[in-house]
Amino acid sequence: MPNDNFNDLAAFVTVAREESFTKAAAKLGVSQSALSQTIRGLEERLGLRLLTRTTRRVSPTAAGERLLQTAGPRFEEIQAEIAALSEMRDRPAGTVRITAGEHAAVAVLAPALERFLPDNPDVKVEIIVDYGLTDIVAERFDAGVRLGEQVAKDMIAVPISPDVRMAVVGSPAYFRQHLWPETPQDLTNHNCINMRLPTHDNIFAWEFEKDGRELRVRVEGQLVFNNLAMRREAALRGLGLAYMPEDQVQELLDRGSLIRVLDDWCPPFAGYHLYYPNRRHPSPAFTLVAEALRYRR
């Protein structure tokens, strides 16, 4: 049967269930004469009478009853699916893929999603930790998270965190055996816990600034890690100095488990931004996630 006959089938099912052309026409939003013509055309194409018409009622013939029992449930399923799709517009669904560095994923994305996801059960978020400046379009990410100064100018950027600040920390046990560094250059005399960037395969240089003077110091030490937790744990155990995001060690500093040095060389800098290409029609799920991540001062 040609596809354009499905509307005729839907009309037949409505008439057969209502047992009235008048009621069916009102329900379908068409005129009674147009509906009658639609049914007549369907019967002619099938070569079968589907409805028995009397002055009091309309009832299906044997052939019509068989068609009603077969087609009726199918149309109910279609209507249910259409209703479900409509509900999805009211309750967005889908997967949002984001690439971010480890610190942003742990300190920014995770807490925001902890609040967001329970109220949005049909939204899924996939986070890929990557320290490189990923081409989010080529890699089919919906968005990326980077520090403000790293976001390309042609991207839409939404602030999702306050300013970020780094801290050089060591344990009291470490400083009982080593002098405090007075300047970043003094770090060359210390056992420093380094970080290897997985996507660049090189050692991360520690960055400092004071009175407009910027320094990048390549430090040496016995340990190299590629994640935050192990660097923090090694510093706690007195194995060297670590260069860490301030929020990741603040509680330990407050307790005295770690000691901060070179504080005046570590000013705050622009925080994390969610960035993505300009889209005319972003998905409802992405719009919700972006709004949930937005930082409000």
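Residues numbered from 1 in each chain as written. Predicted model: local features only at pLDDT ≥ 70, side-chain atom pairs only at ≥ 80, totals over all residues. Heavy atoms only, no water.

Glancing now at the overall build of the chain. Across its full length, the chain carries nine helices and 15 strands. In summary, the chain has a C-alpha radius of gyration of 33 Å against a globular reference of 19 Å for 297 residues, an excess of more than 25%. Considering only C-alpha atoms, the chain reaches an extent of 105 × 35 × 35 Å along its principal axes. Counting only residues that meet the buried cut, the chain has 40% of its 297 residues in that class. For the chain, contacts bridging at least 24 residues in sequence account for 72% of all contacts bridging at least 6. Accessible surface computed for the chain: about 17400 Å², of which carbon and sulfur atoms make up 50%. (Helix = DSSP H or I, 4+ residues; strand = E, 2+ residues; numbered from the N terminus. Rg over C-alpha atoms; globule rule 2.2 N^0.38 Å. Buried < 20%, exposed > 50% of the residue type's maximum accessible area, 1.4 Å probe, protein only. Contact = heavy atoms within 4.5 Å. Areas by Shrake-Rupley, 256 points an atom, 1.4 Å probe, with all protein chains shown as cover.)

With respect to the helices and strands, Arg260 occurs in strand 14 (residues 259-261). The buried category is assigned to Arg260, whose relative accessible area is 17%. Within the structure, Arg260 has its side chain in polar contact with the backbone oxygen of Met166 (distance 2.8 Å). Of the polar contacts made by the side chain of Arg260, one reaches the side chain of Asp263; its length is 3.5 Å. When near neighbours in sequence (up to four residues on either side) are disregarded, Arg260 contacts Arg165, Met166, Ala167, Val168, Val169, Trp180, Glu246, Leu253 and Cys266. (Polar contact = N/O pair within 3.5 Å; in protein donor to acceptor, adjacent residues only side chain to side chain.)

Each full turn of the α-helix corresponds to 3.6 residues, which orients residues three or four apart in the same direction. Buried within helix 9 (residues 284-293) we find Ala285, Phe286, Val289, Ala290 and Leu293. Along helix 9, the residues classed as buried sweep out an arc of 130 degrees about the axis, all on the same side. On its buried side, helix 9 packs onto strand 3 (94-100), helix 5 (102-116), strand 4 (123-129), strand 5 (143-147), strand 6 (156-159) and strand 15 (272-276). (Arc of directions from axis to C-beta.)

Below, the discussion takes up the sheet that holds strand 6. Pairing is mixed across the open sheet formed by five strands, whose spatial order is 4-3-5-15-6. On the outer flanks of this sheet lie strand 4 and strand 6, each paired with one strand and no other. Between one strand axis and the next, the sheet turns through 30 degrees on average, direction left out of account. The sheet contact formed by strand 3 and strand 5 spans three bridges and is parallel. Across the sheet, Thr99 pairs through a bridge with Gly144, a residue of strand 5. Strand contacts of helix 9: strand 3, strand 4, strand 5, strand 6 and strand 15, with the helix running at about 45 degrees to strand 3, the strand carrying the most contacts. (Pairing = 2+ DSSP bridges. Axes fitted to C-alpha atoms, helices over the stretch in contact; angles between N-to-C directions.)

Axis separation between helix 1 (residues 6-18) and helix 2 (residues 21-28) bottoms out at 8 Å; the angle between their running directions is 130 degrees. One finds that helix 1 runs oblique with respect to helix 2. The handedness of the crossing between helix 1 and helix 2 comes out as right-handed. Side by side, helix 1 and helix 2 meet where Ala11, Thr14, Val15 and Glu18 of the first sit next to Phe21, Lys23, Ala24, Lys27 and Leu28 of the second. Across the contact of helix 1 with helix 2, the residue classes break down as five nonpolar, one polar and three charged. (Parallel < 35°, antiparallel > 145°, perpendicular 65-115°, else oblique. Left-handed = near helix turned anticlockwise from the far one by under 90°. Nonpolar A, V, L, I, M, F, W, Y, C, P; charged D, E, K, R; others polar.)

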